[in-house]
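Secondary and tertiary structure notes
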Amino acid sequence: MPCELKPRFLVLYGSQKGQAQSIAEGIADEAEERGLFADICCLSEGHKFNLEKESSPVVFVVSTTGDGDPPDTAQKFVKRIKKKTLPRDLYAHLCYAFLALGDTNYADFCKCGKTIDSRLLDLGAKRFYATGHADDGVGLELVLDPWLEGLWEAIREALSKMAAPQPERDGHVRDQRVSSNETPESVVSERKSVLTTQSGQTGAPPAVVEASLTRSLPPLSELALNIPALPPPYLDVMLQEATIEEEINAPVSKETLHEVPISRAVQLTRDDSVKTALLIEMDISSHPMAYQPGDSLDVLCPNRASEVGELLRRLGLEDQKSNRIQLSLQKETMKKTAQIPSYIPENSTLHYLLTWSLEIRTVPKKAFLRSLVECTGDSGEKRRLQELCSKQGSADYNLYVRDHNLGLLDLLTAFPACQPPLSLLIGQSTLPLLSVIMYDSSLRHPGRLHFVFNIIEFPACAGRPVGRRGLCTGWLSDLVDPILVHPGKAQSSSTPALPKVHVCVRQNCSFRLPSDLSKPFIMIGPGTGVAPFIGFLQQREKEREENPEAEFSETWLFFGCRHRDRDFLFREELQGFVASGTLTHLKVSFSRDTPEGTETQTETGPRYVQHNLLSHAKDIVNLLLKENGYLYVCGDAKNMAKDVNDTLIEMVSAELQLDKLDAMKRLAGLREEKRYLQDIWS
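Residues numbered from 1 in each chain as written. Predicted model: local features only at pLDDT ≥ 70, side-chain atom pairs only at ≥ 80, totals over all residues. Heavy atoms only, no water.

By the naming in an unreviewed UniProt entry, the protein goes by Methionine synthase reductase and is assigned to Oncorhynchus kisutch.

Below, the structure written as structure tokens:
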């Protein structure tokens, strides 16, 4: 075969939600265009590759998930290479490049990638290119784009050296890191698609003109652009004219999901609260599910009917919504890993597909914007889409698309001349199987499962003139409205039909109470972050009943909300735990209430959970570092979790008389021992 004559390298990926896989597939596809041949495998497919005998360069693309954990597809690989019995020269023949994906909103940034990278070096492997750490918290593209740009020259150099061995100088390439503020020294400008078109402006723009989603200003509007190569098409989509019956209320996958009725729904916050928190109780008596406090719940929801209808109208397919979709692979496709998406059921209709199988709210990646360039005949739209997907336009992409959480419909509204084919939505974009959304589960009663969530609100912004609610939280809110019990009101005497949802439990094997009953534990959970700790305290209460002679240590809970009377979640339950002795210390902060004895909030400033932590620094540090206690943090990653971590560093530093670096090391030790655990979200 002709591809066997091309220089070969191997691409390995470990992916949880598909980002690492998508990047790896993009590398493999571009290799073909550059006259190279890339084998590509998931790290879970150990039978398809053998690093101990690999003679070609290897490119790793690996994400991190959860509390610094490997993605499911990489767990076995990580466990295997971490074995201490492996010989130190196991991979002495191997040369590799590594791209780690992570999010700095979480404490263990790129931990899985760093673990594999470090272990490969320990086992004798050598880097042929700088390791990249791409941060989804600020935009993967800031590191990803320059890393990919320099990769190809590095691969060719590595292939050349491996084809003609020469003495090593220092045993490995110089150790480099790629951060969001620097690019590899080997960055080259040989990308295939370099746009040299200028904006066409001959004079300075009017002073009143501002940059926006659809308009750029100099210098960007006047630059030649480096835009990514066009993703190769690989799907043919046909809509058969004959209509079929459609089951619109069923999800795409039933193998791991349970359809359960919602037996009760309660609004936990007052109507005048800034955020609305709901508790939902599900009857799982007919669908027993293994569950422990600390586990989470996946809820599958459909796209909103109004948005599906608008998308059908925008694509000009409204009259064909009941037609059956037939997918096939293009015979001459250049896509390396071409396959029909497994999440699209056979014989589904177009309306079913857009309702259950594609997440139309997801923020489109640059590759999708690159494909949209080819779908508009308007020169202004074409130029702006080129800018947004280009290396030079990364800041605009983040500012106007990513940061505002714009979706497909928002883009199509902003660029009205753009007419993408259906195949682009299904095959070329990053629109995945509708992602289930995780909620922390809490209370557990026989045959009942509870979970708590805030209704997410996205305000109006540039590119989205009207605010909207979160997809899943908004849908759940509408679903339970007929049975919802509001604060201070009795439950309706009527018996409306109970709504049903499709769910599955997601186990969190590390976010568990200590098995040693004598170990103290500290819980930090403002807002709905308190939910799993209700389950923890119920478990501890049961343990106290079952072990009356056992010696139990202290339990602390730090909770925070805006107002004592509006959004103090589970107040009665928490006070009951204190009264029974199950909860030793309950420390509550109210950030918007005026402190007693003062006239205004500003006299003492807002109080958050970290302020209460500082007030009890000596006790907390003693429990964690001298009594080998456990610390659990649940809630917002972007602000709360970071602030709590910074406060803990400050506390450890002050109490133990350590500098900041040593204090950070002590906390890192707690994480390694699985005694500082987080269940956080952004």
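Next comes the rest of the account.
1. Some remarks on the pairing of strand E23 (residues 585-590)
Under the convention used in this document: Paired strands, in this sense, are two strands between which DSSP finds at least two bridges. Each helix is a run of DSSP H or I of at least 4 residues and each strand a run of E of at least 2, with the numbering of both proceeding from the N terminus. With the strands aimed away from the viewer, a crossover counts as right-handed if its path from the first strand over the helix to the second runs clockwise.
Note that strand E22 (residues 555-561) and E23 share six bridges and pair parallel. Its bridge partner being in E23, leucine 557 is matched across the sheet by leucine 586. After leaving E22, the chain enters helix H14 (residues 571-580) and then returns to the sheet as E23, a path that is right-handed.

2. So, the nonpolar core
Proteins that are soluble and globular tend to have nonpolar side chains buried together. Using the following cut-off: Put simply, buried Ala, Val, Leu, Ile, Met, Phe, Trp, Tyr and Cys residues joined by side-chain atoms within 4.5 Å make one nonpolar core. Each residue is placed in one exposure class: buried if its accessible area under a 1.4 Å probe, protein chains only, is under 20% of its type's maximum, exposed if it is over 50%, and partly exposed if it falls in between. We call two residues in contact when some of their heavy atoms are within 4.5 Å.
In terms of nonpolar packing, the biggest core is built from 44 residues, with Leu213, Leu311, Leu350, Leu353, Leu354, Leu369 and Ile426 touching the most fellow members. Looking at this core, the elements that each hand over two or more residues are helix H5 (305-314), strand E14 (323-329), helix H6 (350-357), helix H7 (366-373), helix H8 (379-389), helix H9 (394-402), helix H10 (408-414) and helix H11 (422-428). In contact with leucine 354, other than residues within four places in its own chain, are Asn303, Val308, Leu311, Leu312 and Ile360. Core analysis: the next-biggest nonpolar cluster, separate from the first, contains 33 residues, Leu36, Ile40, Leu101 and Leu144 among them.

3. Some details on the pattern of salt bridges
Definition in use: Here, a salt bridge means any Lys or Arg side-chain nitrogen found within 4 Å of an Asp or Glu carboxyl oxygen.
Applying the stated criterion to the full structure yields 35 salt bridges. As a salt-bridge pair, arginine 264 and glutamate 281 come within 3.8 Å of each other at their nearest N and O atoms. Pair noted here: arginine 264 is in strand E11 (residues 258-267) and glutamate 281 is in strand E12 (residues 277-283), with a separation of 17 residues, a long-range link. Arginine 506 is paired through a salt bridge with aspartate 298; the nearest N and O atoms lie 2.8 Å apart. Of this pair, arginine 506 sits in strand E20 (residues 500-506) while aspartate 298 sits in strand E13 (residues 296-300); the two residues are 208 residues apart in sequence, bridging distant segments of the chain. When salt bridges with common partners are traced through the structure, they connect Arg264, Glu281, Asp283 and Arg448 into a single cluster.

4. Focus on the confidence of the model for the protein
What counts, and what does not: What pLDDT reports is the predictor's confidence in each residue, on a scale of 0 through 100.
The predicted model of the protein averages 85 in pLDDT, with 86% of residues at 70 or higher. Low pLDDT (under 50) marks residues 165-207, which in the prediction has 82 contacts with non-local residues, meaning those over four places away or in another chain. Note that residues 429-440 has pLDDT below 50 and, in this model, 64 contacts with residues that lie over four places away or in other chains.

5. Topic: the side chain of threonine 131
Note the following rule: Within 3.5 Å is the distance limit for a polar contact, defined as a pair of N or O atoms, with the added protein rule that one can donate a hydrogen and the other accept it, and that residues adjacent in sequence qualify only through two side-chain atoms.
Mapped onto the secondary structure, threonine 131 falls in strand E6 (residues 131-135). Classification of threonine 131 as buried rests on a relative accessible area of 0%. Among the polar contacts listed, one links the side chain of threonine 131 to the side chain of aspartate 117, at a separation of 2.9 Å.

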